[in-house]
Amino acid sequence: MATPRLPAAEFDAEEQLDAHHLPEFPRDPSGMVQMLTPEGELSGSDFRGYAAAEEELPALYRDMYLIRRFDQESTALQRQGELALWVPMRGQEAAQIGSARAMLAQDYAFPTYREHGVAVARGVAPADLLKLFRGVTNGGWNPKDSNFHLYTLVLAAQCLHAVGYAMGMQRDQLAEQSLPKAATMAYFGDGASSEGDVHEAMVFAASFNAPAVFFCQNNHWAISVPTEVQSRVPLAHRAHGYGFPGIRVDGNDVLAVQAVTRWALDRARNGGGPVLIEAFTYRMSAHTTADDPTKYRLAAEEEQWVSRDPLTRVEHRLRATGTGDDFFRQLEEESVQLAADLRASVLSMEAPGLEHRFATAYAEAHPLIQEELQAWRDYEAGFDVEGGAR
Amino acid sequence: MAVMTIAKAINEGLRAALNTHPTALLMGEDIGDLGGVYRVTEGLKAQFGPDRVVDTPLAESGIIGTAIGLALRGYRPICEIQFDGFVFPAFNQITTQLAKIHTRSDGLLTAPVVIRIPYGGGIGSVEHHSESPEALFAHTAGLRIITPSNAHDAYWMIQQAVTCADPVIVFEPKRRYWLKGEVDVSAVPSSPFQAEVLREGTDATIVAYGPLVPVALAAANAAAEDGSSVEVIDLRSISPIDFDTVTTSVLKTGRLLVAHEAPTFGGIGGEIAARITERAFLSLEAPVTRVGGFHLPYPTARTEEHYLPDLDRILHSLDTVLAY
């Protein structure tokens, strides 16, 4: 009996060469998919069939509201010296919550270091995200519990991991047809889009038809360098060069992000291959707490994006459709509690000593590790003998 | 006992690994229908199919990066880097990602990726095809590095690498691919991370690995004709290094010569010299001496014979060591 094989990627060169004509999937003529305007008005979209129902909007708003409070508290903790560094995500709540809430349990996300909203939506405990920034671990959670991988700090490397993981999903599916169909999400930004690993990830994903969705949050600034330095074309257009669809979505519109991501994941899970989503958004805060955006961008630009705030438009919509003050008041109380709990957790975090680092450098016993650990223990023990407190 | 070349032994070892481990798969450039540029994977695609012997796009970072993803999903990828000098596009994935996944996850995740790299010179090739970059990887904690020097080890070490929970780089001595030797396929193999004393002696010890092991043995034979008894150790593992076996030998002989093709500066020989000096200082009759490449980019094909440590250079250094 012949071994079952993975299907080859379907490739229609003529179709792919025409970057603006992609008839096999819906696309808004504006070039950017939007479902909820900054004023809170619903707008039509070919992706409407994938959008959340109106009654799901409060839950999406809650996710965004709480992660913004989490982000704010984390920034404060860094300013007070409790975190070594913080990577703010203010402004990117819709891109992160919308995409995360499009994933199914069996899907798997590979983040950069800014995907706090995705992490919490996937079930990572908020305090666990701060362990890395507190300096007690370089990880912080078990990715197998949440299907949310550890943060990757050398950007773009995670895109290849996502494609490889997706290739594993393909093989699992082939071996066990009853497994739920799954896909990966590769998160990256406009800055990392210039890294070679993003290119290689897209080549591999296309060649092997991997069920991977590339989710690029174009937040306009790679620290101090604007997107124009990374790309001369809209980033979504790059997908066509690899032979798969690229879609630009209003990254501050949680409904549109979720709908487009649902479509892309659904397509990938069912053998349609990769998709690139460019979530057009804005980093409203600094790159990290070590950054000073006043040195490279204008206040006017920041103000312009305040009017496109991802939370404001949902609040407009909720109020317009009858959501009362109680909802917003309760949410504020919940967020205050979240911040207090977060602070308490951070202040009580203990670093597991150097012994733990020796214990985890290798999975199997290693003579040099054992030798150096013993030498270090002997050195440390010397302080005890001499009565020094350490 | 079967007699086969090192290349064939690796091929058979890979075949055994693919048969034994359903999650094992090969990835690399031209490893499918062509069987690899050195034919090490010959016939494996025909036997196991294109989903387990995967011809990848020409992108080394892509090979290692996707292998990491596959490993996280539970697979055991065995990657081929076509030549030593082509590993550098993957250097970031190997050193910042692969090596650190276990410790980054506080031991929750493993990344059992195997990377095969044909290495070393003496094949008269063009730039980037003859290098010995092992020290660059040995400096990174989280990686294991082994290198067979004979067919028996080649057959077993690749299989042992596949079962290791840590990432393992297997440096294959490409100029010895056609060196024949006996392979005991029913043996209980020794640990790949242990050195092996190939020849016992009392006056000096030569430590070598990979392609220089046969040269070290030839040097010991030549020295014997001059009345010197030289012990030869095949290091086999570059990370970790089996310092116990080397120390035991040096405590006996009092003299140590380390030979490798890689430049001596910042190399494995320096590490061995330092550790053995710490462990056996009072037994040393001579400074630990290194024979290796010069602090030069690997030279051209028509000059490499003057760069590579050969029998004469090893004997010359041996004379120096024995003269103390």
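Predicted model only: the values in this text are computed from it and were never measured.

1. Considerations on the domain arrangement of chain A
Split into domains, chain A comes out as domain 1 (13–347) and domain 2 (353–385). When each unit is reduced to the centre of its C-alpha atoms, the spacing between domain 1 of chain A and domain 2 of chain A is 40 Å.

2. Let's talk about the packing of helix H8 (residues 157–175) of chain A against helix H3 (residues 60–72) of chain B
Relative orientation of the contacting elements H8 of chain A and H3 of chain B amounts to 55°, with a least axis distance of 6 Å. On the basis of their axis angle, the class for H8 of chain A and H3 of chain B is oblique. Where H8 of chain A crosses over H3 of chain B, the two elements pack in a sense that is right-handed. Residues Ala 157, Leu 160, His 161, Ala 162, Val 163, Gly 164, Tyr 165, Met 167 and Gly 168 of chain A of H8 of chain A form the contact with H3 of chain B, whose participating residues are Ser 61, Gly 62, Gly 65, Thr 66, Ala 67, Ile 68, Gly 69, Leu 70 and Leu 72 of chain B. Counted by class, the contact of H8 of chain A with H3 of chain B contains 10 nonpolar, 8 polar and no charged residues.

3. Section: helix H10 (residues 268–280) of chain B
Residue and element names in this part refer to chain B. Under the 1.5 Å per step criterion, the end-to-end length of H10 is 18 Å for 13 residues, consistent within 8% with the ideal 18 Å. The set of residues buried in H10 consists of Ile 268, Gly 269, Ile 272, Ala 273, Ile 276 and Ala 280. Burial along H10 is one-sided: seen end-on, the buried residues are contained in an arc of 135°. Summarising the geometry of H10, the exposed residues directed more than 90 degrees from the buried face are Ala 274 and Glu 278. Summarising the contacts, the buried residues of H10 are in contact with helix H6 (134–138), strand S10 (204–208), strand S12 (237–239), helix H9 (243–253), strand S13 (256–263) and strand S14 (289–293).

4. Here we look at the environment of Pro 234 of chain A
Residue and element names in this part refer to chain A. Considering the arrangement of structural elements, one finds Pro 234 in the loop between helix H10 (227–230) and helix H11 (238–242). Judged by the 16 C-beta atoms lying within 10 Å of it, Pro 234 falls in the partly exposed class. Aside from chain neighbours lying at most four places away, what touches Pro 234 is Arg 248 and Glu 278.

Cut-off values and rules
Residues numbered from 1 in each chain as written. Chains lettered and ligands numbered in written order. Predicted model: local features only at pLDDT ≥ 70, side-chain atom pairs only at ≥ 80, totals over all residues. Domains from an automatic or database assignment. Axes fitted to C-alpha atoms, helices over the stretch in contact; angles between N-to-C directions. Helix = DSSP H or I, 4+ residues; strand = E, 2+ residues; numbered from the N terminus. Parallel < 35°, antiparallel > 145°, perpendicular 65-115°, else oblique. Left-handed = near helix turned anticlockwise from the far one by under 90°. Contact = placed C-beta atoms within 7 Å. Nonpolar A, V, L, I, M, F, W, Y, C, P; charged D, E, K, R; others polar. Expected span 1.5 Å × (residues − 1). Buried ≥ 20, exposed ≤ 12 C-beta atoms within 10 Å, placed from the backbone. Arc of directions from axis to C-beta.

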